[in-house]
Amino acid sequence: MKRSKIFPAILYFVFTFLVGIFIAVFLPAIYLYSGLLLDTMSDGLYSGNYEEAIKVVGGYYDKEPVYLREFEKGGGFVLFETATLSSQDAGAGDEEQKSILQKSHVGFLFGVKDEYQTDKASDNKTNVLVTVNGEDKSYPILDADTDGDGNPDGILTYIEKGLVLLELTQKEFSQMEGLKFVDCDGNVKYEFTFDAPISYDTPFFNDLNDIIAGFNAAEEDSVLVEKEKIFLSANENNKKYSYETAEKAADKKSTRTVIIYFVVVYVLADFLFTHFIIKFIKFLLFKVFKIKPKEKPMKVHNESFGNDYYCAVTLKADNKDTGFDQTITVSYRKDVFEAFDEVKDEAYKPSAEDGIKTDGDDGALVFVLTPEENYEKYLRVKAGTYGNLQTEVPDGYQVEGLPETLIVDGYKKTITVKIVRRED
């Protein structure tokens, strides 16, 4: 690496490393709360593993649904007994809100997106009616303003995952005899009537009383932990919320993202500063797999010189670090028909005056490289194309860098090759 690139490279790696640490620390939480919790809930419902859906809602729950209705065409409605978090004013003169634990029922309607229409720009009547003591009480479920006019016209979870989430609290609905899902036009699309009124006088809610009282009174954590242990051990169906499934998915996704990030960072750094990847690829191709490098096409001789002229061609061989001290012969045979627009009978036949060794009717361009001449040979050669490369090299050595086809053009041309030991 050039000295001028060292300082920019240090800055680049320090900055990208710090960004990488930031991504690795915060990305799992970002993935978790930006969609994976909803994905986990949706996957649980559509797979029939309903506990996976309720366990990410928060608080405590009974893992056995208090009501379940599955539709023949798929989807359904499921309702759980729960204790969920809410907020209320901390007290007189205090503007802060404090979290409280409340008894509630959480329900999910899912898998009915093609039948239950909830999107309507104006006069959207989508709603849930909860039957309490024979009367219907409204539970609004519209929470998305898709057209930005200030009026809710859709349900966010329904738009994204095709599910409607209900949180029916004891404070609003002391008991429930049934539910009606009203669509955007005011039609009752789904109606569920319970066999007996759903209330809060059940073993699950009774087991929760101590925890709810202690939590809302802000008792010490150690006391709440003991109460929680008692609650969870009272019944095997009593459960506490868990993000474990969603967190595993978030960790896996963030790990993959961080790996991709650092790979991109290194590749970009290599391209800007070190070029190790290119060197390694060349090493594999040309040294390990013995692939002969594709020769860069030589420029055809310049027509401004004409065709009938001579060029000073010098062939140099580098034998450093090999200890080689023997003679090498490199020859090319002239390709008459590609080099000149002449008929065969009038073809050019090189002579000794051109510095070309004659071999019958076909001329050969021959470079004899000797240690006495420091492996450098000059020849005066007529412009043209020379092919049929042949070399005479002692066993155990080879010449690298010779073009298969030698195009002689211009007035001077120098070819530098390298003498190396054979590795096979």
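Computed from a predicted model, the values in this text were never measured in an experiment. (Residues numbered from 1 in each chain as written. Predicted model: local features only at pLDDT ≥ 70, side-chain atom pairs only at ≥ 80, totals over all residues. Heavy atoms only, no water.)

**Q** Could you clarify how one ought to interpret the overall build of the chain in this entry?
**A** The helix and strand inventory of the chain stands at eight helices and 19 strands. Counting all 424 residues of the chain, 39% fall into the buried class. Put simply, of all contacts in the chain between residues at least 6 apart along the chain, 66% involve residues at least 24 apart. (Helix = DSSP H or I, 4+ residues; strand = E, 2+ residues; numbered from the N terminus. Buried < 20%, exposed > 50% of the residue type's maximum accessible area, 1.4 Å probe, protein only. Contact = heavy atoms within 4.5 Å.)

**Q** What exactly am I supposed to notice about the side chain of threonine 82 here?
**A** On the secondary structure map, threonine 82 appears in strand β3 (residues 76-91). In this structure threonine 82 comes out as buried when scored by relative accessible area, which is 1%. Engagement of the side chain of threonine 82 in a polar contact is seen with the side chain of serine 104, the distance being 2.7 Å. With residues near it in sequence (within four places) discarded, threonine 82 still touches Ile54, Tyr60, Tyr61, Gln102, Lys103, Ser104, His105, Val106, Phe204 and Phe205. (Polar contact = N/O pair within 3.5 Å; in protein donor to acceptor, adjacent residues only side chain to side chain.)

**Q** Explain the side chain of serine 254 here, please?
**A** With respect to the helices, strands and loops of the structure, serine 254 is situated in helix α6 (residues 244-274). In terms of polar contacts, serine 254 uses its side chain to reach the backbone carbonyl oxygen of aspartate 251, at 3.0 Å. In this structure serine 254 touches Leu27, Pro28 and Tyr31, once residues within four positions along its chain are discounted.

**Q** What should I look at first to understand the packing of helix α1 (residues 3-47) against α6 in this one?
**A** Between two packed helices, what matters for the description is the angle formed by their axes and the separation of those axes. It is the contact of α1 with α6, at a shortest axis distance of 8 Å, that shows an interaxial angle of 160°. Comparing the axis directions of α1 and α6 gives the class roughly antiparallel. Along this stretch, α1 crosses α6, giving a crossing that reads as right-handed. Its residues assigned to classes, the contact of α1 with α6 comprises 25 nonpolar, six polar and four charged. (Axes fitted to C-alpha atoms, helices over the stretch in contact; angles between N-to-C directions. Parallel < 35°, antiparallel > 145°, perpendicular 65-115°, else oblique. Left-handed = near helix turned anticlockwise from the far one by under 90°. Nonpolar A, V, L, I, M, F, W, Y, C, P; charged D, E, K, R; others polar.)

**Q** Explain the nonpolar core to me, please; I cannot follow it from the model alone.
**A** Inside soluble globular proteins, nonpolar side chains tend to come together where they are buried. The biggest cluster of nonpolar side chains holds 26 residues, and the ones touching the most others in it are Leu109, Leu166, Phe181 and Phe192. Breaking this core down by element, the ones donating at least two residues are β3, β5 (127-132), β7 (163-169), β8 (176-182) and β9 (188-198). Counting residues per element, this core draws most heavily on β9, which supplies four residues. Once residues within four sequence positions are removed from consideration, leucine 109 is found in contact with Phe71, Gly76, Phe77, Tyr116, Gly162, Leu163, Val164, Phe181, Tyr190 and Phe192. Counting 23 residues, the second-largest nonpolar core is a separate cluster that includes Phe324, Tyr375, Tyr397 and Leu402. (Core = buried A, V, L, I, M, F, W, Y, C linked by side-chain atoms within 4.5 Å.)

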